[in-house]
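Listed here are the chains, written in short residue letters.
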Amino acid sequence: MEENGVMTIFASISSTTAWATVIGLGALWVLLGYYWGKKAKDGEGFMLAGRNVGLALGSATAMATWVTSNTMMVAPVLALEKGVWGMLAYSSAAFGLMLFAPLAIRIKKLLPEGFTAGDFFLKKYGRPGWAIFMLITLLYSITWLVTMAIAGGKLLEALGGIPYMQGMTLIMVVCVAYTLFGGLFAVIGTDFIQSLIILIGVVFIGVMIVLKLDFGETYEYVSVNQPSLVSVMMPAALLAFFNNMLFGFGEVFHNNVWWSRAFAMRDDVAPKAFFVSGLLWFPIPIAAGFLALAAGPLGINVTDASKVGPMVAEHVLNESGMGSFASILILVVLFCSIASSIDSLLAATSDLLVKDLYLGLGKKKLTDHGFRKVAAVAIIGVAVLAWTMAKFEWNVGLVLYSAGGLVAALIWPVIAGLFWKTYNRNIVLAGIVLGCITGYVTFFKIEPYIGALCGATVSMVFTVISRFVGATPQENYTGQTT
Amino acid sequence: MIRTKSPFLFSLFWIAACIGSFLNAAEESVTFTVPPGEEMLTSADGVLSLSWESAGDGVIYELEQSVDDSFTNPTMRYSGPDVGSYLTGLAEGDYFFRVRAKGGEWSEPLRAKVTFIDRRVLWILLVSGFVVVAATVGTILTGWRKTES
């Protein structure tokens, strides 16, 4: 449909094709999960894939986990609203993965037998620090999981006409099934294949767009009609750059998704894998974001910003004569990006529940067989909770994005705990709490794109002060002063 | 329910009714939908989400933008069947928008104002951001080098 060069499109494939695509991919993941799951001989194998993950699998799983539905759907929104700085802002989250490389070396040394990020907070900040961490990370992880379940349901509804509840349930069932069968072995194995599909898909769509667009005309159109998108001094975009980078640091540094991968990788592999995954991930939001900048020049009217990425991709591929194959390709790439994050979150969050709450707080002992049973209950429990919240389509997106201050407030406590010999625990914990409060207040009361920045700033100031006021020697995991 | 003996006559009635409804829709003025109590839209980041009331199926709408309310030098921002448009990348300043069903009357102008964050606050936040990021990266790399050595 085109009128005066401005059009609206969002064609879709038949629901039968969408069902067949998702069920086909889902069956493949479940079979692979079952196959790889046989390697998990005990609880440690199930949780940490035998602590023997190599470079290729390690890099791929970190990259695929970081390519979430948000990368494919929200990065274009950031570019659409904040322009070139917006694209770079989203990509700056890659630095979180790269900086986790030196942290991973230290984590492996301090906690050679560690299982979760909770182990670190318990040893370094005691029960109060552990409790604050658990509260923040469970809130964040569950909402992150719910946003992806919702994104999956909406994606299948938009592209394939599958009713929201059916699509969302289908994606959750598939991810739960292969995570149950194989634990982290299955998650990492499927992540490897999913990361290849994502990379190939993004490169293919990117090349098609480059072939389709005249960059000179695109720049001219944007400069005239959307001048702030190419302005070096766009205030909101500049703030978003620092805010997103710190949001990314906070997400990666604290979340058990990344700690469990650090524990799972071989000592010499972990730092390289995180650095390589950051490098591989960096261009993906730029490619996804460029889709949004191309919307205006291609004459696409955006009515719902959240759909701009798939909308432009589908338009370009359709224009290139790819017909319904275009929709299938987008569906496959987005399904892989969603599944690769849902499975990781299911595994890492259930690890926290089993290891930190059931075994740690509950002081329970488990055999390997018993461990698998409890882990399975935890995975299903987390999935059912996420499914229930996704069912009502609660506005968890707002909760997730407003949590920037929460996760950013954990950046400096993690750094201090890993590298500093002396600090005052109470001042660090006060900094986390005040950083969280500042993050929320600034997000809701001033501007949404400064929550993480303000939360990190307050926490950093307190953590630095803790090194000089009432600082005491801290003990590492093995009981030695670091 | 209209009953005729001839399907041909029924089709004629139906086509005439469709054309009539389309022409009526085109003559009516389309109005913007704005939040209650707000006569002017505001934005702190150059993003405006405009929407207008539907005038029926198949109607083509035209949306114009101008920097003055008399629309002396308007820019066509959209022409098509959607009942809204998400505009981004606007520079600071006042804008006026009007919409119509193609061939119909223009709506009353809708005023929008784009004002970015106060520059002093911006610089304080940017400097804070730079300091926190630089300190974070520096502390990690320093800590790593020290612990490795």
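Residues numbered from 1 in each chain as written. Chains lettered and ligands numbered in written order. Predicted model: local features only at pLDDT ≥ 70, side-chain atom pairs only at ≥ 80, totals over all residues.

(A) Examining the environment of His254(A) more closely. Residues and elements named next belong to chain A. Along the polypeptide, His254 turns up in helix 9 (residues 235-254). What makes His254 buried here is the crowd of 25 C-beta atoms within 10 Å. Taking the C-alpha atoms as reference points, His254 and Val407, 153 residues apart in sequence, are found 7.0 Å from one another. Excluding its chain neighbours within four sequence positions, the residues that come into contact with His254 are Ala117, Thr137, Val407, Leu410 and Val414. (Helix = DSSP H or I, 4+ residues; strand = E, 2+ residues; numbered from the N terminus. Buried ≥ 20, exposed ≤ 12 C-beta atoms within 10 Å, placed from the backbone. Contact = placed C-beta atoms within 7 Å.)

(B) Main features of the packing of helix 7 (residues 164-212) of chain A against helix 12 (residues 283-293) of chain A. Residues and elements named next belong to chain A. Between helix 7 and helix 12, the least distance of the axes is 10 Å, while the angle of their chain directions is 40°. Taken as axis vectors, helix 7 and helix 12 run oblique relative to one another. You can see that helix 7 and helix 12 cross each other, and the crossing is left-handed. Contacts between helix 7 and helix 12 involve Val202, Gly206 and Ile209 from the former and Ile284, Ala287, Phe290 and Leu291 from the latter. Counted by class, the contact of helix 7 with helix 12 contains six nonpolar, one polar and no charged residues. (Axes fitted to C-alpha atoms, helices over the stretch in contact; angles between N-to-C directions. Parallel < 35°, antiparallel > 145°, perpendicular 65-115°, else oblique. Left-handed = near helix turned anticlockwise from the far one by under 90°. Nonpolar A, V, L, I, M, F, W, Y, C, P; charged D, E, K, R; others polar.)

(C) Representation of unusual backbone geometry in the model. All names here are of chain B. We note that Phe71 has phi near 50°; this positive angle belongs to a residue other than glycine. If you trace the backbone, Phe71 turns up in the loop between strand 3 (61-66) and strand 4 (75-80). Residue Phe71 is classed as partly exposed on the basis of its 16 C-beta neighbours within 10 Å.

(D) View of the interface of chain A and chain B. At the junction of the two partners, chain A supplies 41 residues and chain B supplies 37 residues. Secondary structure elements with two or more residues in the side of chain A that touches chain B: strand 2 (6-7), helix 4 (69-91), helix 5 (94-110), helix 9, helix 18 (411-419) and helix 20 (451-466) of chain A. Here the element with the most residues in the side of chain A that touches chain B is helix 9 of chain A; it accounts for eight residues. Among the residues making up the side of chain A that touches chain B, the classes are represented as 29 nonpolar, eight polar and four charged.

(E) Local environment of the domain arrangement of chain B. If you check the domain split of chain B, you get domain 1 (29-116) and domain 2 (117-149). Centre-to-centre, using C-alpha coordinates, domain 1 of chain B lies 41 Å away from domain 2 of chain B. (Domains from an automatic or database assignment.)

(F) Fine view of the domain arrangement of chain A. All names here are of chain A. Along its sequence, chain A is organised into domain 1 (2-394) and domain 2 (403-482). Between the C-alpha centres of domain 1 and domain 2 there is a distance of 26 Å. If you look at the interface, domain 1 gives 30 residues, while domain 2 gives 26 residues. Secondary structure elements with two or more residues in the side of domain 1 that touches domain 2: helix 5, helix 6 (117-160) and helix 9. Considering only residue class, the side of domain 1 that touches domain 2 consists of 19 nonpolar, seven polar and four charged.

(G) Summary view of the packing of helix 7 of chain A against helix 13 (residues 308-319) of chain A. Residue and element names in this part refer to chain A. Taken N-terminus to C-terminus, the directions of helix 7 and helix 13 make an angle of 65°; their axes are 10 Å apart at the nearest point. Classed by the angle they form, the pair helix 7 and helix 13 counts as roughly perpendicular. Two packed elements cross with a definite hand, and for helix 7 against helix 13 that hand is left-handed. Residue-level contacts link Ile205, Met208, Ile209 and Lys212 of helix 7 to Ala313, Val316, Leu317 and Glu319 of helix 13. Taken together, the residues that form the contact of helix 7 with helix 13 break down as six nonpolar, no polar and two charged.

(H) How the structure looks around helix 20 of chain A. With 16 residues, helix 20 of chain A should cover 22 Å at 1.5 Å per step; its first-to-last C-alpha distance of 23 Å lies within 8% of that length. Most of helix 20 of chain A is tucked away: 13 of the 16 residues are buried. (Expected span 1.5 Å × (residues − 1).)

(I) The sheet that holds strand 4 of chain B, seen in detail. All names here are of chain B. Judged by pairing direction, the sheet is mixed, and its five strands sit side by side in the order 1-7-6-3-4 without closing on themselves. Single-partner strands in this sheet number two, and they are strand 1 (40-43) and strand 4. The average undirected angle you get between the axes of adjacent strands in this sheet is 20°. In terms of strand pairing, strand 3 meets strand 4 through five bridges, oriented antiparallel. (Pairing = 2+ DSSP bridges.)

(J) Representation of helix 3 (residues 55-66) of chain A in the model. Residues and elements named next belong to chain A. Between its first and last C-alpha, helix 3 extends 16 Å over twelve residues, near the 16 Å set by a 1.5 Å rise per residue. Within helix 3, ten of the twelve residues are buried, which leaves it mostly tucked inside the rest of the structure. Within the sequence span of helix 3, burial applies to Leu57, Gly58, Ser59, Ala60, Thr61, Ala62, Met63, Ala64, Thr65 and Trp66. In this structure, the buried side of helix 3 is in contact with helix 5, helix 7, helix 10 (256-264), helix 11 (270-281) and helix 14 (324-361).

(K) Main features of the nonpolar core. Of all hydrophobic cores here, the largest spans 208 residues; its most connected members are Phe100(A), Ala149(A), Leu246(A), Val312(A) and Ile411(A). When residues in this core are grouped by element, the largest group, 22 residues, is from helix 6 of chain A. Residues in contact with Ile411(A), not counting those within four places in the same chain, are Leu246(A), Phe249(A), Gly250(A), Phe253(A), Ala456(A), Ser459(A) and Thr136(B). (Core = buried A, V, L, I, M, F, W, Y, C linked by C-beta atoms within 7 Å.)

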